[in-house]
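Remarks on the overall topology
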Amino acid sequence: MNEHNSKNNWNIHVKYWGTSGSISSPLKPSSVTEKIIDSICTLAKSGHLKDIDHANLESSVAKMVHNHLPFSSKSTFGGNTSCVEINTEDCMIVIDCGTGVINFGINLESKWANLPNEKRKGLILFSHMHYDHLFGLPMCQSFYETTNSFDLYGCEKVAGNLIDFFGQNSDMVNSLYPPILSKIKAIKKIMPFEENSPLVIGSTKISHFQLNHPGSANAYKIQSKGKSYVYASDHEQLTETDTGLANFCKNADAIYLDGQFLLSEYLGESGIGSGVPTKRIGWGHTPMEWCLLTAFAANAKSLHLGHRDPRRSDIEIENILAYLKGHAVELSKSNQQNCPEILFPHEEMDCFI
Ligand SMILES: [Zn+2]
Ligand SMILES: [Zn+2]
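Model, not experiment: these values are computed from the prediction. (Residues numbered from 1 in each chain as written. Chains lettered and ligands numbered in written order. Predicted model: local features only at pLDDT ≥ 70, side-chain atom pairs only at ≥ 80, totals over all residues.)

Moving on: the overall build of the chain. In terms of helices and strands, the chain carries 10 helices and 14 strands. For the chain, the spread of C-alpha atoms along the three principal axes comes to 60 × 50 × 45 Å. Within the chain, contacts between residues at least 6 apart in sequence are counted, and of these 74% link residues at least 24 apart. (Helix = DSSP H or I, 4+ residues; strand = E, 2+ residues; numbered from the N terminus. Contact = placed C-beta atoms within 7 Å.)

Structurally, the position occupied by Ile180 is in the loop between helix H6 (171–176) and strand E6 (187–192). In the structure, Ile180 is positioned 17 residues away from Ile163 in sequence and 9.8 Å away in space, judged by C-alpha atoms.

Remark on secondary structure: sheet strands pair via backbone hydrogen bonds, oriented parallel or antiparallel. Ordered in space as E6-E5-E4-E3-E2-E1-E14, the seven strands form an open sheet in which the pairing is mixed. Every other strand in the sheet has two partners, leaving E6 and strand E14 (350–352) as the edge strands with one partner each. For this sheet, the mean inter-axis angle between neighbouring strands, taken without regard to orientation, is 20°. Looking at chain direction, strand E1 (residues 13–18) and E14 are connected through three bridges and run antiparallel. Residue pairing in the sheet places His13 in a bridge with Phe352 of E14. Of the strands in this sheet, E1, strand E2 (83–87) and strand E3 (92–95) are in contact with helix H4 (residues 100–111), which crosses E1 at around 125°. Along the sheet, helix H5 (residues 156–166) contacts strand E5 (149–154) and E6; its crossing angle with E6, the most-contacted strand, is approximately 140°. (Pairing = 2+ DSSP bridges. Axes fitted to C-alpha atoms, helices over the stretch in contact; angles between N-to-C directions.)

This paragraph deals with the domain arrangement of the chain. In terms of domains, the chain is made up of domain 1 (13–26 + 77–352) and domain 2 (29–74). For domain 1 and domain 2, the distance between their C-alpha centroids amounts to 33 Å. (Domains from an automatic or database assignment.)

Counting residues in hydrophobic clusters, the biggest one holds 74 residues, and the most contacted among them are Val230 and Ile255. A per-element tally of this core places helix H9 (residues 288–298) first, with eight residues. (Core = buried A, V, L, I, M, F, W, Y, C linked by C-beta atoms within 7 Å. Buried ≥ 20, exposed ≤ 12 C-beta atoms within 10 Å, placed from the backbone.)

The pairing of E2 with E3 spans four bridges and is antiparallel. Directly across from Ile86, in E3, lies its bridge partner Ile93. Connecting E2 to the next strand, E3, in antiparallel fashion are four residues. Bridging between E3 and strand E4 (residues 121–125) involves three bridges; their strand directions are parallel. Across the sheet, the residue bridging to Val94 is Ile124, located in E4. Following the chain from E3 across H4 to the adjacent parallel E4, one finds a crossover that is right-handed. (Right-handed = clockwise from strand over helix to strand, strands pointing away.)

Further remarks concern the sheet that holds strand E12 (residues 302–306). Spatially, E7-E8-E9-E10-E11-E12-E13 is the arrangement adopted by the seven strands of the open sheet, whose pairing is mixed. Of all the strands in the sheet, just strand E7 (199–201) and strand E13 (341–343) have a single pairing partner and so form its edges. Sheet twist, expressed as the average angle between the axes of neighbouring strands with direction ignored, equals 15°. Pairing of strand E10 (residues 227–232) with strand E11 (residues 254–258), which is carried by four bridges, proceeds in the parallel orientation. Bridging from a neighbouring strand, Tyr231 pairs with Tyr256 of E11. Along the sheet face, H9 touches E11 and E12 and points at about 155° away from the line of E12.

See below:
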């Protein structure tokens, strides 16, 4: 179900463009230097540097980096905020327009370059209106191209607020963003979802579910040809296992849940990185250990943990993943249930479902 799975046999293709939570968090220059030092040390210690083939230097080094370095040394999970692209046989959907939507748009223009106008169509779904899910929208070139066509959906409040925020009469947007709604010509319609009514396009069904978050947020379930993917970011579970969300995600092939904190960070027993411990109850996000319990209750095949706290380093994320995998194995034994695959999606990651 991840990028190593078959690209030729899928019903839902998910591509992540932004998985950082709350605010964009670009890699610091000192972190790049640390990664280079760490990579060379790792290769030197393991003895692989002597295997370099100087006659085919680039390919030989590329192979070494690919095969012998951990992800946190050779790459990054990325620092852009929420944006996920989903493709089915019937439609292309983008959920949330955080800063990740800028790279989504750059990629889309080459992907759609040779398509006739009637096929340059997509849906935009908004989970909610917080800045980290919204501020990429005026920066995405694809939304200005008159040859493109997007319909935008959210809950009733989102649709109304977007028009207020980006519309002609918004003083705020005229100061912050010269391109007001009338200039984002590719967005043809802004519509609220009908209450309790899924959107159906061919064999693709899009359902929504209300989450617990300040100002509210929507989760989305995309189903196509017997496969399903759920995006449920910006949610604070009120109980360790969220049975309502688990029912919405029942037997999903992959679920993307909001795991901004560890339980100890949520309860204020430990800080994030070098930060001081602060209680984070009521902030609208769920501890990862509780996401895992909900994934088990949902019998989900794969748990994607997103809305990462922007202070996490890449190596911390890898260490947390190892801890969660261990925790999941214990739960699986005590529950006598299959263990879901657990991953932190990085930018540009493809998942074929
Ligand atoms: Zn958010
Ligand atoms: Zn939010």
